[in-house]
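What follows is each chain in one-letter form.
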Amino acid sequence: MLASVATFGLAGVDALEVTVEVDVRRGLPAFSIVGLPDAAVRESRERVRAALLNSSLDFPQSRLTANLAPAWVRKAGPSFDLALAICVLAASEQVPLERLESTAVCGELSLSGAVRPVRGALAVALAARRAGFARLIVPVENAPEAALADGLEVLGLSSIERILDVLHERRPAEAAQASHVDEVAADAPDLADVRGQADAKRALEIAAAGGHNLLMVGPPGSGKTMLARRLPGILPPPSFDESLEITRIRSVAGLGGRFARERPFRAPHHTISAQGLVGGGSHPRPGEITLAHRGVLFLDELAEFSRSALEALRQPLEDGFVAIIRGQRSLVFPARTMLLAACNPCPCGRAATECECAAVERARYHRRLSGPLLDRIDLVCQVSSPPALQLVGETGLGESSGAVRERVVAAREHQLRRLAGSPALCNGGMDGRTTRRHATLRGEAVKRLVDVVDAGGLTGRGHDRVLRLARTVADLEGRDEILIGDVDEALGYRLGAVGEAAA
Ligand SMILES: Nc1ncnc2c1ncn2[C@@H]1O[C@H](COP(=O)(O)OP(=O)(O)OP(=O)(O)O)[C@@H](O)[C@H]1O
Ligand SMILES: [Mg+2]
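Residues numbered from 1 in each chain as written. Chains lettered and ligands numbered in written order. Predicted model: local features only at pLDDT ≥ 70, side-chain atom pairs only at ≥ 80, totals over all residues. Heavy atoms only, no water.

1. Describing the nonpolar core
Spelled out, the test is: Put simply, a nonpolar core is a bunch of buried Ala, Val, Leu, Ile, Met, Phe, Trp, Tyr and Cys residues held in one set by side-chain atoms that sit within 4.5 Å of each other. With a 1.4 Å probe rolled over the protein chains alone, any residue whose accessible area is under 20% of its type maximum counts as buried; one over 50% counts as exposed, and the rest are partly exposed. Put simply, DSSP H or I for four residues or longer makes a helix, DSSP E for two residues or longer makes a strand, and each gets a number counted from the N terminus. When checking whether two residues touch, look at their non-hydrogen atoms; a contact exists if any pair is within 4.5 Å.
Among the nonpolar cores identified, the biggest contains 60 residues, and Leu215, Leu299, Leu302 and Leu313 are the most heavily contacted of them. Looking at this core element by element, the count peaks at eight residues for helix 3 (residues 121-130). For Leu302, the contacting residues outside a window of four places in its chain are Leu215, Leu310, Ala341, Ala342, Cys343, Leu369 and Leu373. In terms of nonpolar packing, the next biggest core, distinct from the first, is built from 45 residues, Ile206, Leu379, Ala411 and Leu458 among them.

2. Quick notes on the pairing of strand 16 (residues 329-334)
Quick note on the threshold: If DSSP finds at least two bridges between two strands, the strands pair.
Both strand 15 (residues 321-326) and strand 16 contribute to a ladder of six bridges, which runs antiparallel. Pairing of Phe321 across the sheet is with Pro334, part of strand 16. Hairpin connection of strand 15 to strand 16: two residues between the antiparallel strands, including Gly327 at a positive phi of 60°.

3. Quick look at the sheet that holds strand 10 (residues 214-217)
Overall, parallel pairing links the five strands, which are arranged 11-14-17-10-18 in an open sheet. The open sheet has two edge strands, strand 11 (265-266) and strand 18 (379-382), and neither has a second partner. Inspection of the sheet shows strand 10 paired to strand 18 by four bridges, in the parallel sense. Bridge assignment links Met216 to a residue of strand 18, and that residue is Cys381.

4. Let's talk about the site of ligand 1
Note the threshold: Any residue with a heavy atom lying within 4 Å of a molecule or strand is counted as near it. A 3.5 Å cut-off defines polar contacts: any pair of N or O atoms within that distance qualifies, except that in protein one atom must be a possible hydrogen donor and the other a possible acceptor, and neighbouring residues in sequence count only when both atoms are side-chain atoms. Here the open area of atoms and residues is found with the Shrake-Rupley method and a 1.4 Å probe, where only the protein chains shown may cover a residue.
Among the 16 residues in the neighbourhood of ligand 1, the closest are listed as Arg195, Gly221, Lys224, Thr225 and Met226. In this structure, Glu301 approaches ligand 1 through a side-chain N or O atom, which is 3.0 Å from an oxygen atom. In the complex, the protein chains occlude 66% of the 630 Å² of accessible area that ligand 1 would expose alone. A total of three residues in the shell around ligand 1 trace back to one element, the largest contributor, which is helix 7 (residues 224-228).

Written out as structure tokens, the structure is:
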């Protein structure tokens, strides 16, 4: 007797439909799995056998062959257990086959017959909906997450026995409800906690408004890390679709499947490898830049990261995705993220006057900084230690994150309207041509830029960067025309400033 059941395996941050086929025929009792299973899938045989027997069901004393199709793709992990178990039951006529029509199943089994949660339930549900399934059976813990894919009946069930009850229509199951509510952290850090630092806050606001990459340079203890952690609080909240993308990636990476209503903020330690940053491995897993998709990737102590790790970021930062080739397949991990970086002006970190670093040490430090990554950074801002009065007294308190966020959201709306029809969503995403089209200067502003370029202060790339930034500064004011003041402010954030800070 032959039966087949549909299930899904993870491939990058997507799910791939896999058909499990089981053939039961007379012969010496044996159970083999073919279709490029890894060790966890092969061990599935033992879990399935024990789970069925412990649920008072029969495990056929015959020759069983299971195939996982498409047979040329490697299958990894325990999430095929449930489909295998149900397929064995169907092939041994313990479950009516017609009840499995248009139904996909996904879950890990325990020896007792309980169904265990899996990673990537939302990715599975979205793929099941795309493939035209009407019903998806998942572990009960994964049900609220899977139900975020509407248009699909999601049943969250806790054991094999319970699943049989539903398939035999002995006891109905209620379709799971999506959990759109995720508790928002009440104590999210607020920009008002940072005293002084008006310039750095302004740079952070511009970066957020235009989706520009930002580098903060300053002595230790001046509040760089503190400022960086407040960036997600002033970014526009994610749209529903963006939240789905963020949730899906978190779930595939095993970080839980709660609906994400905040943008991610990833701050990997500087000892991270290139693979940890951009993803990879024999069964490719998303890296930090993918976990930061639609949010912020914060590289604190930028100069301490290994050169190879930083080099690996070049292409994803440019393209917004990471492509990883494994065997015959290519996986694409999304990586649209804002880069935020912080570093000290020199190895000792003290301001120019008190710096004791030897010139050669400083030069070495800078060599690590300059290079491929700095090319991708639009704004550089100097963060100096706040004056005593601002730090101690009450004068240093500024606006709350909420107030800044309102301006950022308004500026983004202008950009969205202007960029409608182009692939860019914000000024930071404009390519050279789009920049020239949408950031046109007039009168004095042109003259200012010509003067700076003439004086050798700007390269071609630097020129585009200044235009994009000036565009964002004007957008924050709700102005269509870019004035000379906007250009001046943008010029203040140029890259050369890294060197000057340490000079
Ligand atoms: N401007 C500020 N307003 C209020 N508190 C501050 C400010 N600057 C620093 N602090 C306090 O000092 C602590 C350290 O600051 P932070 O970690 O942001 O420094 P940093 O610039 O990242 O230093 P490093 O270069 O050593 O990483 C903060 O957690 C905060 O308590
Ligand atoms: Mg720090």
